[in-house]
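# Commentary on secondary and tertiary structure
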Amino acid sequence: MATPKDVKLFGAATSGYCTMVHHALQLKGVTYDYVEVDLKNKSEEFLRLHPVHKKVPILVVDGKPIPESLVILQYVDETWKEHPLLPQDPYLRSKVRFWADFIYQKMMPVAYTIRSTEGEARNKAVEEFLGHLKTLEDGINKDVHIHGPFIHGEEPGLLDVIIGPRKTGFRRLEQMLAGVKLFDKDLTPVLCSYMDAYAELAVIKDTELMLSQYAHA
Ligand SMILES: N[C@@H](CCC(=O)N[C@@H](CS)C(=O)NCC(=O)O)C(=O)O
């Protein structure tokens with residue numbers, strides 16, 4: 001397959017789903033253009049690219065649109081071979097995909113419930129989320145982590161790209177939840193140490209810089 005020539009990311013500066021795609025592209029050293037989408041007033045061009053869910057991120061490679069962040073991350077890994085995000089071993093790959101799916105299916109909806117509810121419903125969602133965090137910490141330590149500062153070891157991989165950037169989001173949620181800690185070194189010491197290692201990567205600052213011109217970011 002020829003190396004793609006024209007790569008465009010349609011995203012929103014406030015979207016954590018888009019952040020992961022920025023990071024994956026930058027870790028791979030891919031040069032891409034960025035198009036900020038106004039989610040309150042979606043353009044015809046954007047709606048033509050993704051008529052099904054009408055959501056960012058969408059990666060457009062040589063004119064071909066690819067929607068859904070997790071699908072995009074895997075497409076990026078299969079297309080640009082440098083800095084692999086998934087392990088070579090098929091069994092280990094299955095484990096990484098399992099925990100990525102756990103985050104998307106189990107954790108992201110609960111994080112949304114925390115943000116969008118109050119009172120008892122929110123307290124219940126926080127309890128559930130903390131339980132999932134512990135399950136995730138135990139699971140990735142047993143199934144994936146070998147040695148090194150990142151979940152994938154010496155270099156950040158798919159799970160790092162998904163979990164690493166959450167530190168900022170956790171801090172924001174904590175401000176809404178007076179007194180509750182989500183980034184908690186007592187509850188999930190190893191997850192916190194992965195996120196701390198990820199926070200040192202240049203992709204964090206480079207993405208922030210790229211998005212800083214969008215005032216609402
Ligand atoms: N499952 C999707 C979720 C993407 C998503 O929820 N994107 C939000 C921004 S964070 C969006 O585009 N919302 C616009 C809308 O729902 O109209 C993915 O992983 O890409």
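Residues numbered from 1 in each chain as written. Predicted model: local features only at pLDDT ≥ 70, side-chain atom pairs only at ≥ 80, totals over all residues. Heavy atoms only, no water.

## Concerning the sheet that holds strand E3 (residues 58-61)
One open sheet holds the four strands; their spatial order is E2-E1-E3-E4, and the pairing between them is mixed. Bordering the open sheet on either side are strand E2 (33-36) and strand E4 (64-67), each of which pairs with just one other strand. Going from strand to strand, the sheet's axes swing by 20° on average, the running direction of each strand aside. Bridge analysis of strand E1 (residues 7-11) against E3 gives four bridges, and the strand direction is antiparallel. Residue pairing across strands places Lys 8 opposite Val 60, the latter belonging to E3. Against the sheet, helix H1 (residues 16-27) contacts E1, E2 and E3, and its axis sits at roughly 160° relative to E1. Of the strands in this sheet, E3 and E4 touch helix H3 (residues 69-79), which is tilted by about 125° from E4. (Pairing = 2+ DSSP bridges. Helix = DSSP H or I, 4+ residues; strand = E, 2+ residues; numbered from the N terminus. Axes fitted to C-alpha atoms, helices over the stretch in contact; angles between N-to-C directions. Contact = heavy atoms within 4.5 Å.)

## Observations concerning the pattern of salt bridges
When their charged atoms lie close together, side chains carrying opposite charge are able to pair. Tallied over the full model, the rule gives six salt bridges. Lys 134 is the partner of Asp 138 in a salt bridge, and the nearest nitrogen-oxygen pair spans 3.2 Å. One end of the pair, Asp 138, and the other, Lys 134, are both in helix H5 (residues 119-143), four residues apart, so they sit about a helical turn from each other. Put simply, Lys 167, Lys 185 and Asp 196 are held in one network by salt bridges that share partners. (Salt bridge = Lys/Arg side-chain N within 4 Å of Asp/Glu carboxyl O.)

## Here's the deal with the side chain of Thr 207
Tracing the backbone shows Thr 207 in helix H9 (residues 202-211). Under the relative-accessibility criterion, Thr 207 is labelled buried at 4%. A polar side-chain atom of Thr 207 sits 3.3 Å from a polar atom in the side chain of Gln 26. Excluding anything up to four places from it in sequence, Thr 207 contacts His 22, His 23 and Gln 26. (Buried < 20%, exposed > 50% of the residue type's maximum accessible area, 1.4 Å probe, protein only. Polar contact = N/O pair within 3.5 Å; in protein donor to acceptor, adjacent residues only side chain to side chain.)

## Some words on the packing of aromatic side chains
Counted according to the given criterion, the structure contains six aromatic pairs. Relative to Tyr 104, the ring of Tyr 17 has its centre 6.2 Å away and its plane inclined at 50°; by these criteria the two rings are tilted. Residue Tyr 17 is located in helix H1, and its partner Tyr 104 is located in helix H4 (residues 90-116); the two are separated by 87 residues in the primary sequence. Note on Trp 99 and Phe 102: the rings are 5.2 Å apart at their centroids and 70° apart in plane angle, and the pair reads as edge-to-face. Taken together, the positions of Trp 99 and Phe 102, both in helix H4 and three residues apart, correspond to about one turn of that helix. Of the two residues examined, Trp 99 and Phe 102, each falls in the buried class. In textbook terms, an aromatic cluster arises when at least three aromatic residues are bridged by ring pairs, as seen for Phe 98, Trp 99 and Phe 102. (Phe/Tyr/Trp six-rings, centres within 6.5 Å; stacked < 30°, edge-to-face > 60°.)

## A word on the site of the ligand
Looking at the ligand, the residues that line it are Ser 15, Tyr 17, Leu 39, Lys 42, Lys 55, Val 56, Pro 57, Glu 68, Ser 69 and Tyr 104. Computed on the free molecule, the ligand has an accessible area of 520 Å², of which 73% lies beneath the protein chains in the complex. (Near = heavy atom within 4 Å. Areas by Shrake-Rupley, 256 points an atom, 1.4 Å probe, with all protein chains shown as cover.)

## Looking at the domain arrangement of the protein chain
The domain boundaries assigned to the protein chain delineate domain 1 (7-83) and domain 2 (90-201). A C-alpha centroid distance of 22 Å is found between domain 1 and domain 2. On the side of domain 2, twelve residues touch domain 1, which itself brings 13 residues to the contact. Here domain 1 packs against domain 2, burying approximately 1,100 Å² in sum over the two surfaces, 66% of which is carbon and sulfur. Connecting domain 1 to domain 2 are zero salt bridges. The interface formed by domain 1 and domain 2 contains four residue pairs in polar contact (both at pLDDT 80 or more). (Domains from an automatic or database assignment. Buried area = accessible area lost by both parts, 1.4 Å probe.)

## A few points about the nonpolar core
The tendency in soluble globular proteins is for nonpolar side chains to be buried as a group. The biggest cluster of nonpolar side chains holds 63 residues, and the ones touching the most others in it are Ile 140, Leu 159 and Ile 162. Ranked by residues supplied to this core, first place goes to H4 with eleven residues. Counting contributing residues, this core receives three or more from each of domain 1 (7-83) and domain 2 (90-201). Apart from residues no more than four positions distant in its own chain, Ile 162 is found in contact with Met 20, Leu 70, Leu 73, Ala 100, Ile 103, Tyr 104 and Met 108. Counting residues in each nonpolar core, the second largest holds nine residues, with Phe 10, Leu 49, Ile 58 and Val 60 among its members. (Core = buried A, V, L, I, M, F, W, Y, C linked by side-chain atoms within 4.5 Å.)

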